[in-house]
Amino acid sequence: MIDPQEGNRRHLTGDEIASLIAIVGERNLALEREDLEAYSRDGTQGLSGWPAALARAGSTAEVASLLAFCNGRRIPVTPQGGRTSLSGGAIPVMGGVALSLERLNRILEIDEENGVAVVEAGVITQTLQEAVEARGLYYPPDPGSRGSCTIGGNVAENAGGPHSAKYGVTSHWVLGMEAVFAGGDVVVTGGKTRKDVAGYDLTGLLVGSEGTLAVVTKAWLRLVPKPVSYGTLVAPFPTLHAAARAVVEITRRRLVPAALEFIDRPAMEVSSARKGVGVPFPEAEARLLVEFDGGGEAEVERDVEAAGGIALDCGAIDVVLATDEAKRRLLWEVRRGIGDAVRDLGPSVELDLAVPRTELAALVEGVRRIGYAAELRVVVFGHAADGNLHVHLFHERESKGDRARFQATVGAVYAEAIRLGGTVTAEHGVGLTSRDYLPVLRSPAYLEVLRAIKSALDPNGILNPGKLLRP
Ligand SMILES: Cc1cc2nc3c(=O)[nH]c(=O)nc-3n(C[C@H](O)[C@H](O)[C@H](O)COP(=O)(O)OP(=O)(O)OC[C@H]3O[C@@H](n4cnc5c(N)ncnc54)[C@H](O)[C@@H]3O)c2cc1C
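Residues numbered from 1 in each chain as written. Predicted model: local features only at pLDDT ≥ 70, side-chain atom pairs only at ≥ 80, totals over all residues.

Draft legend 1. Here's a closer look at the overall build of the protein. Regarding its fold elements, the protein presents 16 helices and 18 strands. Taken over C-alpha atoms, the radius of gyration comes to 22 Å for the protein, in line with the 23 Å a tight globule of 471 residues would show. Once the C-alpha set of the protein is aligned to its principal axes, its extents read approximately 70 × 60 × 45 Å. Scored against the burial criterion, the 471 residues of the protein give a buried share of 50%. A fraction of 74% describes how many contacts in the protein between residues 6 or more apart in sequence connect residues 24 or more apart. (Helix = DSSP H or I, 4+ residues; strand = E, 2+ residues; numbered from the N terminus. Rg over C-alpha atoms; globule rule 2.2 N^0.38 Å. Buried ≥ 20, exposed ≤ 12 C-beta atoms within 10 Å, placed from the backbone. Contact = placed C-beta atoms within 7 Å.)

The structure is reproduced here in structure tokens:
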């Protein structure tokens, strides 16, 4: 387990505090413990790190001045959006300044002709989605946290979500951004142009850079027409294997679900209980939530019928269709509620693994085998079409002094995903929690390139230090 207090926590002198106040204003610089508490944590269980100060920047110019000042004084700066990160990414483990983008929360433009939204980094993802949907447009990346995460955070983590199955992750939707580098330089990497290959792909580099290379202040996002029809079903399966086989079969038969989610029995039980609804087919070991969307009802109905047939062929106990919007919403509420419900079960570590789709069953079985051998409770759910599973390992026993054994089990699970041709994080980012497993996945030469990029763009290492790479 990473010790978040490993770094020398940077404090601020009175004169540094005065300079920061001159940049963001007294009302937007917090120093008191009660004001800093929420900014010392993100969505990651069991990790925290106190900033010396919280700065709420109100403009790109303020972000630029603040970074230039902190760079000169070697003060760590941790960018923060909605603080929903599940990899410890937004935790100011080295102290210094927590730089919140929450005041940069304006949707600047929805350009219907070009199909582009221009937004500030602190806009809440769901707020943008609702605004564009009111105009018949669609911004698909939909992390389970979309009601509280921000576009800046989504860009920094290259976030995904259930509808990545058809629409891909955030990087597919970012045409350009305004970003501030460590020395305070402001760079615009693209704009409303759909195709632009002038120079190295800086947009691509900064998407997923986890606040370690630059602070995103604005983004140009691609929009598409909002689907007019949805068809949604749930298929319970007697075994994990049968569910995993249906995932592969659905895609092998050239169906393109908008979402294809995997939910194991414990995940279904806790989320349904939290929502106060029963669990139909309680004997099912796993279930798939499958959704199609499109421009016409006939096409969507045809695909739903085909997927239901495949599920039954693969051994599903039944296929339950969401026959109206209220039922569809309920299914999604139970699915989206899993993350919070699982966290209510007690302290756990969440791994964000991905393997080729064909290895899904092997991954679930491997994870359970390793977890059960260590007498751990295991919960698995996730975005099956992307081969992306969120694995919770509960460490009730850690207090009894077997922390090392627990860590070894976590390491074995990561190793299993890599052995199956997978990765240590599919969408939550490396942050703190997967940092020590990155060298297991990537070669020394790969890591050298990462270090070279980091030191070229942030030579003093002030941006989100301690994340992604060990200092
Ligand atoms: C219940 C729940 C469900 C979730 N479901 C999903 C899911 O389905 N898919 C998924 O991908 N993730 C999911 N997440 C994880 C998390 O919501 C995403 O990683 C999200 O993108 C984080 O956005 P944020 O605004 O909260 O960023 P934060 O948590 O504040 O920050 C995340 C990282 O981005 C950096 N950062 C934030 N803003 C900026 C900026 N403007 N410029 C530069 N760096 C910045 C931070 O330094 C940090 O490294 C879930 C989290 C929760 C709690």
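On we go.
Draft legend 2. Seen up close, the nonpolar core. Ala243, Ala246, Val247 and Leu288 are the most contacted members of the largest nonpolar core, which totals 64 residues. When residues of this core are assigned to their parent elements, the largest contribution, seven residues, is made by helix α8 (residues 240–252). Among the domains, domain 2 (229–339) and domain 3 (346–433) are the pair contributing at least three residues each to this core. Beyond its immediate sequence surroundings of up to four residues, Ala246 is in contact with Ala235, Leu288, Ile310, Ala311, Cys314 and Ala316. In this structure, Leu20, Ala121, Trp173 and Val216 belong to the second largest nonpolar core, which totals 56 residues. (Core = buried A, V, L, I, M, F, W, Y, C linked by C-beta atoms within 7 Å. Domains from an automatic or database assignment.)

Draft legend 3. Broad picture of the site of the ligand. The environment of the ligand is formed by 38 residues, the closest being Gly81, Gly89, Gly152, Gly153 and Gly211. Listing elements by their share of the shell around the ligand, those giving two or more residues are β3 (77–80), α5 (151–157), β10 (214–222) and α12 (338–344). If one sorts the elements of the shell around the ligand by residue count, α5 sits on top with five residues. Within the shell around the ligand, the residues separate by chemical class into 11 nonpolar, 20 polar and seven charged. (Near = placed C-beta within 6 Å. Nonpolar A, V, L, I, M, F, W, Y, C, P; charged D, E, K, R; others polar.)

Draft legend 4. Local environment of the domain arrangement of the protein. Assigned domains within the protein: domain 1 (107–225), domain 2 (229–339) and domain 3 (346–433). Residue-level contacts link nine residues of domain 1 with 10 residues of domain 3.

Draft legend 5. The arrangement of the environment of Phe181 in detail. As for its position among the elements, Phe181 is in strand β8 (residues 174–181). On the basis of neighbour counts, which here come to 19 C-beta atoms within 10 Å, the residue Phe181 falls in the partly exposed class. As a C-alpha pair, Phe181 and Val256 span 75 residues in sequence and 39 Å in three-dimensional space. Apart from residues no more than four positions distant in its own chain, Phe181 is found in contact with Val187, Ala214 and Leu457.

Draft legend 6. How the structure looks around helix α13 (residues 360–373). End to end, α13 covers 20 Å across 14 residues, agreeing with the expected 20 Å (1.5 Å per residue, within 8%). Buried within α13 are the following residues: Leu360, Ala361, Leu363, Val364, Gly366, Val367, Ile370 and Gly371. In this fold, the buried residues of α13 make contact with α8, β16 (348–354), β17 (378–383), β18 (388–394) and α14 (403–419). Positive phi appears at Glu375, one or two residues downstream of α13, with a value of about 60 degrees. (Expected span 1.5 Å × (residues − 1).)

Draft legend 7. Looking closely at the environment of Lys166. Considering the arrangement of structural elements, one finds Lys166 in helix α6 (residues 164–167). If we skip the residues at most four places from it in the chain, Lys166 touches Val256, Pro257 and Ala258.

Draft legend 8. Region of the structure containing the pairing of strand β14 (residues 286–294). Counting buried positions along β14 yields eight of nine residues, so the element is predominantly enclosed. With nine bridges connecting them, strand β12 (residues 229–237) and β14 associate as antiparallel partners. Counterpart to Ser229 in the pairing with β14 is Gly294. (Pairing = 2+ DSSP bridges.)

Draft legend 9. Highlighting the environment of Ile23. Considering the arrangement of structural elements, one finds Ile23 in helix α1 (residues 14–24). Residue Ile23 is classed as buried on the basis of its C-beta count, with 21 C-beta atoms lying within 10 Å. When the C-alpha positions of Ile23 and Glu325 are compared, they lie 49 Å apart, and in sequence the two are 302 residues distant. If sequence neighbours within four positions are ignored, Ile23 has contacts with Glu62, Ser65, Leu66 and Phe69.

Draft legend 10. Representation of the sheet that holds β3 in the model. Ordered in space as β1-β2-β4-β3, the four strands form an open sheet in which the pairing is mixed. Edge positions in the sheet fall to β1 (29–30) and β3, since each has one partner strand and no second. Sheet topology places β3 next to strand β4 (residues 97–100); four bridges connect them, and they run parallel. Each bridged residue has a counterpart across the sheet, and for Gln80 the counterpart in β4 is Ser100. Across the sheet, α1 is in contact with β1, β2 (53–56) and β4; its angle to β2 comes to roughly 20 degrees. (Axes fitted to C-alpha atoms, helices over the stretch in contact; angles between N-to-C directions.)

Draft legend 11. Layout of the packing of α13 against α14. The geometry of α13 relative to α14 is characterised by a closest axis approach of 10 Å and an angle of 160 degrees between their N-to-C directions. For the element pair α13 / α14, the angle class is roughly antiparallel. Regarding α13 and α14, the two cross each other, and that crossing is right-handed. Across from Leu363, Gly366, Val367, Ile370 and Gly371 in α13, the residues of α14 making contact are Thr409, Ala412, Val413, Glu416 and Ala417. Classifying every residue of the contact of α13 with α14 by side-chain character gives six nonpolar, three polar and one charged. (Parallel < 35°, antiparallel > 145°, perpendicular 65-115°, else oblique. Left-handed = near helix turned anticlockwise from the far one by under 90°.)

Draft legend 12. Structural context of the sheet that holds strand β15 (residues 320–321). The strand order β15-β12-β14-β13-β17-β18-β16 describes an open sheet built from seven strands, whose pairing is antiparallel. Strands at the two margins of the open sheet, each flanked by one partner only, are β15 and β16. Direction of pairing for strand β13 (residues 259–264) relative to β14: antiparallel, over a ladder of six bridges. Among the inter-strand pairings, Phe262 is bridged to a residue of β14, identified as Leu288. Packed on one face of the sheet, helix α11 (residues 325–336) meets β12, β13 and β14 and runs near 55 degrees to β12. Against the sheet, α13 engages β16, β17 and β18, with an angle of about 160 degrees to β17.

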